[in-house]
Protein chains: 2
Amino acid sequence: MPLFRFRPALLATTALLLAAPALAQAPAAPAAREVPAKSIPVPGTVSPQMQAIIGQPLRQNWDKPPTTPEGWRALAESNVAAVAPQIPAMAERMRVSIEPSTIDGVRVYTITPADMPAGNRNRLAVHVHGGCYVLNPREAALPEAIFLAGFARMTVIAVDYRMPPEAYFPAALDDAMTVYKAAIRRVPPANLAVFGSSAGGALTLEMMLRAKQEGLPMPGAIAPGTPMSDVTKQGDSFQTNALVDNVLVSPDGFCDAATRFYANGHDLADPLLSPVYGDVRGFPPTILTTGTRDLLLSNTVRMHRALRQAGTEASLQVYEGQSHAQFYRDDRVPEVKEAFGEIAQFFDQHLGR
Amino acid sequence: MPLFRFRPALLATTALLLAAPALAQAPAAPAAREVPAKSIPVPGTVSPQMQAIIGQPLRQNWDKPPTTPEGWRALAESNVAAVAPQIPAMAERMRVSIEPSTIDGVRVYTITPADMPAGNRNRLAVHVHGGCYVLNPREAALPEAIFLAGFARMTVIAVDYRMPPEAYFPAALDDAMTVYKAAIRRVPPANLAVFGSSAGGALTLEMMLRAKQEGLPMPGAIAPGTPMSDVTKQGDSFQTNALVDNVLVSPDGFCDAATRFYANGHDLADPLLSPVYGDVRGFPPTILTTGTRDLLLSNTVRMHRALRQAGTEASLQVYEGQSHAQFYRDDRVPEVKEAFGEIAQFFDQHLGR
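Residues numbered from 1 in each chain as written. Chains lettered and ligands numbered in written order. Predicted model: local features only at pLDDT ≥ 70, side-chain atom pairs only at ≥ 80, totals over all residues. Heavy atoms only, no water.

The name an unreviewed UniProt entry gives chain A is Alpha/beta hydrolase, with Roseomonas haemaphysalidis as the organism.

Structure (structure tokens):
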């Protein structure tokens, strides 16, 4: 005997049934979760190299951002001083050459692999770096771009966009668009990729919104890594991963201060600063990358859902134990090779030749 | 002038350069992260219905599991008592009929949608329910199966497998395999899907390992939701989401006790209990679902990575703010419709007709 036989006539009662108690026995007013203090060990489920990265202490001075333009400039210069000496060895390991120049007045680096599969010769990737819209100028912008050029064996143009105090919102986006327009003159748009992480992930998405506004063609694929897709601090992982993520640490830390410095009074909910609120219909195939400890885990999965809801082909990669943007921390770490392998494969599958 | 020109001759020095300081300035011994107590509000980034689910208190008696076979049986019966009265309304909303029977001695329910697209008429899905291998017998097993049948408009056979104290490891898997073998006689294996969540997600994966062992064909697609892919408690989110997830709550709670009751002394690291340690080469296209607060977030993303490393097409869906298995809590919640929409679309794209 059937447990339940569906009869179309019963449908008329559906409205009444909706008032029946749900499986979810919800209280009237949802309460906050009180979570006790914890000591969270470094997971044994990642490589020893990644364990070392996960085990690092919270970023120094995460809660003491600069308060003057000169202070921000000095912090940005300290990034350059730390990273620039590592670039030659990095470029050599990745077998790429790096050439600085300008494109229509915008500073860029062109990163060219020493060898390139035939299928990549008519392809190009535009890179927009991270750093909360204020940090990582010049050589400090290069590691992620070098890794993509190296692991994907394709040419990358890395945009060294203007940042405060040189210029404010939307200067970074303007510079990125200048390079985008040049890039779609060099290769068919379907052969072009755009990528970047953190502020660079947000800029990648903002570029698509701006391209739609300006009637420009979409590229073949994009790879926003852990994008700052909502700088209004909405998103559950801003709370759950606060003081767990050792890079961004807190929604009220240096990155929030930097973003406000860039926004310069502009509404932070503007989709050109918080692209999760934008109309993403018509976006190209997208691969997103984050980690389970990432303060922007929610920013990333919410963006993924917005893209999926709009019918976009969107692939989500979440790495065990990683905090913000650690998937491009060091090209010699197995999980970093893996993350760039995923992005390279996604580009290869979706870009024209 | 180039910033760096790659010269092949320099490659000989790579070994030396590997000793150079990495971007990651790792300390010698990675330390645990000390995280202070927190009050985590219900996120505003999900529907009001999902906010109510997220705002529920921690599961009652999560840390007081039964200690006798009779106690476990009583708890399982209480699941049935809670869920069974809701089944008729649920089936009516989803427009499905439900018929209990047995297949080669195994108890099953066949769930048939009132209307079915022509493309689904020669397709079938086998469902294995969750409940830590001990809970959710009979009607309590049905909601997820009903939702898939309803949202995907395809026939589902839900396996009401034997559980302790009736039978122990590997009885659940044996029963599921009996139904699998019957299913691949009814439809071409490429037209068959297998799905389930939590213990059912693990069973879905374990069935693929067992099918490989027995030389059986793979199905067309599988959907393990938040799988218990590692019951040895490895995985970072067992710590980061402890006392954040309001369903499983803790790695040392009722679900661990239930799993040990089922394992009955068997090695928990056996891939037929912890499939993340299995050889997943040759697995079919797979869609995995989890939430940012899920205690098994790491279990899910580690399984996703294992599948990707094996070259499997594997799609990861992570939902904002959700704890363990809340993506199938109630068919009237927008995020539940969304999650089943993703699974239905994945099956439609990957199953034969």
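Having seen the structure, we can now continue with the description.
K.L.:
Lay out the overall build of chain A in plain terms, naming residues and giving numbers.
P.N.:
Tallying secondary structure elements over chain A gives eleven helices and ten strands in all. Across its three principal axes, chain A shows a C-alpha extent of roughly 75 × 50 × 45 Å. When each of the 353 residues of chain A is scored for burial, the buried share is 63%. Carbon together with sulfur atoms contributes 55% to the accessible area of chain A, which is approximately 12200 Å² in total. The average position of the 31 basic charges and that of the 33 acidic charges among the side chains of chain A differ by 5 Å. (Helix = DSSP H or I, 4+ residues; strand = E, 2+ residues; numbered from the N terminus. Buried < 20%, exposed > 50% of the residue type's maximum accessible area, 1.4 Å probe, protein only. Areas by Shrake-Rupley, 256 points an atom, 1.4 Å probe, with all protein chains shown as cover. Lys, Arg positive; Asp, Glu negative; His and termini not counted. Charge placed at Lys NZ, Arg CZ, Asp CG, Glu CD.)

K.L.:
Before we move on, could you go through the pattern of salt bridges and cite the residues and values that matter?
P.N.:
Residue and element names in this part refer to chain A. With the rule as written, the count across this model stands at 52 salt bridges over all chains. The partner of Arg-95 in a salt bridge is Asp-115, with the nearest N and O atoms 2.4 Å apart. One end of the pair, Arg-95, is in the loop between helix H4 (87-94) and strand S3 (96-103); the other, Asp-115, is in the loop between strand S4 (106-113) and strand S5 (124-128), and 20 residues separate them in sequence. Judged by relative accessible area, Asp-115 falls into the partly exposed class, the value being 34%. Taken together, the shared-partner salt bridges connect Asp-174, Lys-181, Arg-210 and Glu-214 into one network. (Salt bridge = Lys/Arg side-chain N within 4 Å of Asp/Glu carboxyl O.)

K.L.:
Any chance you could break down the nonpolar core for me, citing the residues and the numbers?
P.N.:
In terms of nonpolar packing, the biggest core is built from 136 residues, with Met-207 of chain A together with Met-207 of chain B touching the most fellow members. Each residue touching Met-207 of chain B, except ones within four places of it in the same chain, is listed here: Val-126, Val-128, Leu-173, Ala-176, Met-177, Tyr-180 and Val-194 of chain B. (Core = buried A, V, L, I, M, F, W, Y, C linked by side-chain atoms within 4.5 Å. Contact = heavy atoms within 4.5 Å.)

K.L.:
Help me get a handle on the UniProt feature "domain: Alpha/beta hydrolase fold-3" (unreviewed entry) in chain A, residues and values and all.
P.N.:
Here, UniProt's "domain: Alpha/beta hydrolase fold-3" (unreviewed entry) annotation points to residues 126-325 of chain A. Within the segment residues 126-325 of chain A, helix and strand shares are 34% and 15% respectively, and the terminal C-alpha atoms sit 18 Å apart. (UniProt positions renumbered as here; feature names shortened; annotations may be inferred.)

K.L.:
Describe the environment of Val-159 of chain A, and please don't skip the residues or the numbers.
P.N.:
Residues and elements named next belong to chain A. With respect to the helices and strands, the residue Val-159 is situated in strand S6 (residues 156-159). Classification of Val-159 as buried rests on a relative accessible area of 2%. Each C-alpha atom, one on Val-159 and one on Thr-110, is 8.9 Å from the other, the two residues being 49 residues apart in sequence. Ignoring any residue separated from it by four or fewer positions in sequence, one finds Val-159 in contact with Val-106, Arg-107, Val-108, Val-126, His-127, Val-128, His-129, Asp-175, Ala-176 and Val-179.

K.L.:
Give me the lowdown on the environment of Met-208 of chain A, citing residues and values where you can.
P.N.:
All names here are of chain A. Here Met-208 shows up in helix H7 (residues 199-213). Overall, Met-208 belongs to the buried group, its relative accessible area being 0%. Spatially, the C-alpha atom of Met-208 lies 27 Å from that of Val-247, the residues being 39 residues apart in sequence. Not counting the four nearest positions on each side in its chain, Met-208 is found in contact with Val-194, Met-218, Pro-219, Ile-222, Phe-283 and Pro-284.

K.L.:
Tell me about the relation of the copies chain A and chain B, residues and numbers included.
P.N.:
For these two chain copies, the linking operation is a rotation about an axis paired with a shift along it. Mapping chain A onto chain B calls for a screw motion: a turn of 180° about the axis and a shift of 0.0 Å along it, with 0.0 Å RMSD after fitting. Such a turn and shift between the copies fits a two-fold axis. Minimal C-alpha separation from the rotation axis in chain A is found for Ala-37 of chain A, amounting to 2.0 Å. (Least-squares fit on C-alpha atoms with pLDDT ≥ 70 in both.)

K.L.:
Outline the side chain of Asp-230 of chain B, listing residues and values.
P.N.:
All names here are of chain B. Residue position: Asp-230 is located in the loop between strand S8 (221-225) and helix H8 (237-240). Reaching out from Asp-230, the side chain makes a polar contact with the side chain of Thr-232 at a distance of 2.6 Å. Side chain to side chain, Asp-230 and Arg-302 meet in a polar contact 2.9 Å long. When sequence neighbours within four positions are dropped, the list of residues in contact with Asp-230 reads Phe-238, Ser-274, Val-276, Tyr-277, Asn-299 and Arg-302. (Polar contact = N/O pair within 3.5 Å; in protein donor to acceptor, adjacent residues only side chain to side chain.)

K.L.:
Describe the state of the cysteines, with residues and values.
P.N.:
All names here are of chain B. Across all of its chains, the model carries two disulfides over all chains by this definition. The side chain of Cys-132 participates in a disulfide bridge whose partner is Cys-255; the two sulfur atoms lie 2.2 Å from each other. Judged by the torsion about the S-S bond (-110°), the Cys-132/Cys-255 disulfide is left-handed. Taken as a pair, Cys-132 in the loop between strand S5 (124-128) and helix H5 (142-152) and Cys-255 in helix H9 (residues 254-263) lie far apart in primary sequence, 123 residues in all. As far as burial versus exposure is concerned, Cys-132 and Cys-255 are alike and both buried. (Disulfide = S-S within 2.5 Å.)

K.L.:
Summarise the interface of chain A and chain B; cite the residues concerned and give the values.
P.N.:
Contacts between the two partners involve 95 residues from chain A and, on the opposite side, 95 residues from chain B. In this assembly, chain A packs against chain B so that about 8200 Å² is buried in total across both faces, 56% of it on carbon and sulfur atoms. For the pair chain A and chain B, the interface holds ten salt bridges. Linking Arg-305 of chain B and Glu-338 of chain A is a salt bridge whose minimum nitrogen-to-oxygen distance equals 2.4 Å. Between chain A and chain B we count 39 residue pairs in polar contact (both at pLDDT 80 or more) in total. Counting residues per element, the side of chain A that touches chain B draws most heavily on helix H10 (residues 297-309) of chain A, at eight residues. When its residues are assigned to classes, the side of chain A that touches chain B shows 51 nonpolar, 24 polar and 20 charged. Pairing geometry for strand S1 (residues 33-35) of chain A and strand S2 (residues 38-40) of chain B, over three bridges, is antiparallel. (Buried area = accessible area lost by both parts, 1.4 Å probe. Nonpolar A, V, L, I, M, F, W, Y, C, P; charged D, E, K, R; others polar. Pairing = 2+ DSSP bridges.)

K.L.:
Would you mind going over the sheet that holds strand S4 (residues 106-113) of chain B in detail, with residue names and values included?
P.N.:
Residue and element names in this part refer to chain B. Spatially, the eight strands line up as an open sheet ordered S3-S4-S6-S5-S7-S8-S9-S10, and their pairing is mixed. Here the strands that pair on one side only, and so sit at the sheet edges, are strand S3 (96-103) and strand S10 (314-319). Sheet twist, expressed as the average angle between the axes of neighbouring strands with direction ignored, equals 20°. As paired elements, S3 and S4 share eight bridges and run antiparallel to each other. When the bridges of S4 are listed, Val-96 appears paired with Pro-113. Its contacts with the sheet place helix H7 (residues 199-213) against S5, strand S7 (192-197) and S8, and it is angled at close to 140° to S7. (Axes fitted to C-alpha atoms, helices over the stretch in contact; angles between N-to-C directions.)

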